[in-house]
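Chain residues, written in single-letter form:
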Amino acid sequence: MTYNEITVVITSFKSDNKILDCLNSINREIKIIIIENSNNNQFKEVIERKYPNCTCYLSGENLGYGKGNNLGLSKVKSKYALIINPDAILESDAIKNFIVTANDKPNFGIIGPYVQEEKEKKTINILENKLIEVNNVKGFAMFLNMKQFNNIGFFDENIFIYFEEIDLCKRLRLDNKKIYLDTSIKIFHPGGSSHDKHVDYEMELSRNWHWMWSTFYYHKKYEG
């Protein structure tokens, strides 16, 4: 199996320590693009030295989740892209299983993993329901078929954080594209911990404000 068909995209913000377990769970043959939402040159130097398969771009400011990922996706040349959060940890066969499903369902738009959030695991009969068509998946891990986004673009950059993956999935579905949840793919995600602990309070205040704004924006966009 070759890995030149896939690029991993990670948008980070003050995730210097959290991101290491994530990077260690990814095969070193896979190209990784990191968008660090700051001007932290030391972070870039350390990551690129330790992980030769990584290219880190400094945005110079906090662009948010959607705009940061759009910047990363604009640099992807491969057929597929896997967007993951800095605190996500892939099981050893996750990438292989993504590729297997992509070959089986070549016209898919997005594939999401079985473990959506550690705190809200879904009870699914894995033997009977390997692949389930859904309306949306969680944003911490999204396997994108790049050509399926030619008509709709990627994330709505008006959304700084929250609802961006729901909005993307909705636009994909409105364009009659398929979204799947694959029970053979396991990615651990503790949820709400992609940054380092010293910025917890700052991030909590930001989350509360953006949750309310994004909720309003999304519903106004689709419901008036």
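Here the structure is a predicted model, which means the values were calculated and not measured.

About the criteria used
- Numbering of residues starts from 1 in every chain and runs along the sequence as written.
- Given that this is a predicted model, residues contribute local features only at a pLDDT of at least 70 and side-chain atom pairs are listed and counted only at 80 or more, while totals for whole chains, interfaces and linings are drawn from all residues.
- With hydrogens and water set aside, each side-chain value is computed from the structure's full complement of heavy atoms.
- Each helix corresponds to a stretch of at least 4 residues labelled H or I by DSSP, and each strand to a stretch of at least 2 residues labelled E; elements are numbered beginning at the N terminus.
- Each residue is assigned to one of three classes by its accessible area relative to the maximum for its type, calculated with a 1.4 Å probe on protein chains only: buried under 20%, partly exposed between the two thresholds, exposed over 50%.
- Here a residue-residue contact requires only that any non-hydrogen atoms of the pair lie within 4.5 Å.
- Reported accessibility uses the Shrake-Rupley method at a 1.4 Å probe radius. Residues are deemed covered only where the shown protein chains occlude them.
- Strand pairing is defined by DSSP finding a minimum of two bridges between the two strands.
- Orienting the strands away from the viewer, one traces the path from the first strand over the helix to the second; a clockwise path indicates a right-handed crossover.
- In the sections that follow, a salt bridge refers to a side-chain nitrogen of Lys or Arg positioned within 4 Å of a carboxyl oxygen of Asp or Glu.
- Residues belong to one nonpolar core when they are buried, are Ala, Val, Leu, Ile, Met, Phe, Trp, Tyr or Cys, and are joined through side-chain atoms within 4.5 Å.
- Between N-to-C directions, angles span 0 to 180 degrees; the directions come from axes that are lines fitted to C-alpha atoms, helices contributing only their stretch in contact.
- Pairs of N or O atoms are called polar contacts if they sit within 3.5 Å, as long as, within protein, a hydrogen donor faces a hydrogen acceptor (for residues adjacent in sequence, only side-chain-to-side-chain pairs).

1. Here we look at the overall build of the protein
1) Next: Within the protein one finds 6 helices and 10 strands.
2) Next: Counting the 224 residues in the protein, one finds 50% classified as buried.
3) Next: Sequence separation of 24 or more characterises 75% of the internal contacts of the protein that already satisfy a separation of 6 or more.
4) Next: Counting only carbon and sulfur atoms, one obtains 49% of the accessible surface of the protein, whose full area is about 11100 Å².

2. Quick look at the pairing of strand 3 (residues 54-58)
1) Next: As paired strands, strand 2 (residues 31-36) and strand 3 are joined by 5 bridges and run parallel to one another. Along strand 3, the bridge assignment pairs Ile-33 with Thr-55.
2) Next: With respect to chirality, the unit in which strand 2 leads through helix 2 (residues 41-50) into the neighbouring parallel strand 3 is right-handed.

3. What to know about the pattern of salt bridges
1) Next: Evaluation of the coordinates by the stated rule reveals 8 salt bridges.
2) Next: Across the pair Lys-177 and Asp-175 runs a salt bridge, and its minimum N-O distance is 2.6 Å.
3) Next: For Asp-175, a relative accessible area of 24% gives the class partly exposed.
4) Next: Through salt bridges with shared partners, a single network forms among Asp-156, Asp-167, Arg-171 and Lys-221.

4. Details of the nonpolar core
1) Next: Core analysis: the biggest nonpolar cluster contains 34 residues, and Ile-10, Leu-23, Ile-34, Leu-82, Ile-84, Phe-143 and Ile-187 have the highest contact counts within it.
2) Next: Examining the composition of this core, we find that 5 residues originate from one element, helix 4 (residues 94-104), more than from any other.
3) Next: In contact with Ile-10, other than residues within four places in its own chain, are Ile-19, Cys-22, Leu-23, Ile-32, Ile-33, Ile-34, Ile-35, Ile-84, Asn-85 and Pro-86.
4) Next: Counting residues in hydrophobic clusters, the runner-up holds 22 residues, among them Val-9, Leu-73, Met-142 and Leu-172.

5. Thoughts on the sheet that holds strand 9 (residues 178-182)
The pairing of strands in a sheet happens through backbone hydrogen bonds and is either parallel or antiparallel.
1) Next: Spatially, 8 strands are ordered 3-2-1-4-8-6-9-7 in an open sheet, and the strand pairing comes out mixed. Of all strands in the sheet, those with a lone pairing partner are strand 3 and strand 7 (131-133), marking the two edges. Adjacent strand axes in the sheet meet at a mean angle of 25°, parallel and antiparallel pairs treated alike.

6. Notes on the side chain of Ser-184
1) Next: Secondary-structure assignment places Ser-184 in the loop between strand 9 and strand 10 (187-188).
2) Next: Within the local environment of Ser-184, its side chain forms a polar contact with the side chain of Asp-182, the two groups lying 2.7 Å apart.
3) Next: With residues up to four places along the chain from it excluded, the contact list for Ser-184 reads Asn-97 and Lys-130.

7. Topic: the pairing of strand 8 (residues 141-145)
1) Next: For strand 8, a buried count of 5 out of 5 residues is recorded, marking the element as mostly surrounded by other parts of the structure.
2) Next: Here strand 8 shows two buried faces, one formed by Ala-141, Phe-143 and Asn-145 and the other by Met-142 and Leu-144.
3) Next: Bridge analysis of strand 4 (residues 80-84) against strand 8 gives 5 bridges, and the strand direction is antiparallel. Bridge pairing in strand 8 links Tyr-80 to Asn-145.
4) Next: As paired strands, strand 6 (residues 108-113) and strand 8 are joined by 2 bridges and run antiparallel to one another. Within strand 8, the position partnered with Ile-111 by the bridge is Phe-143.

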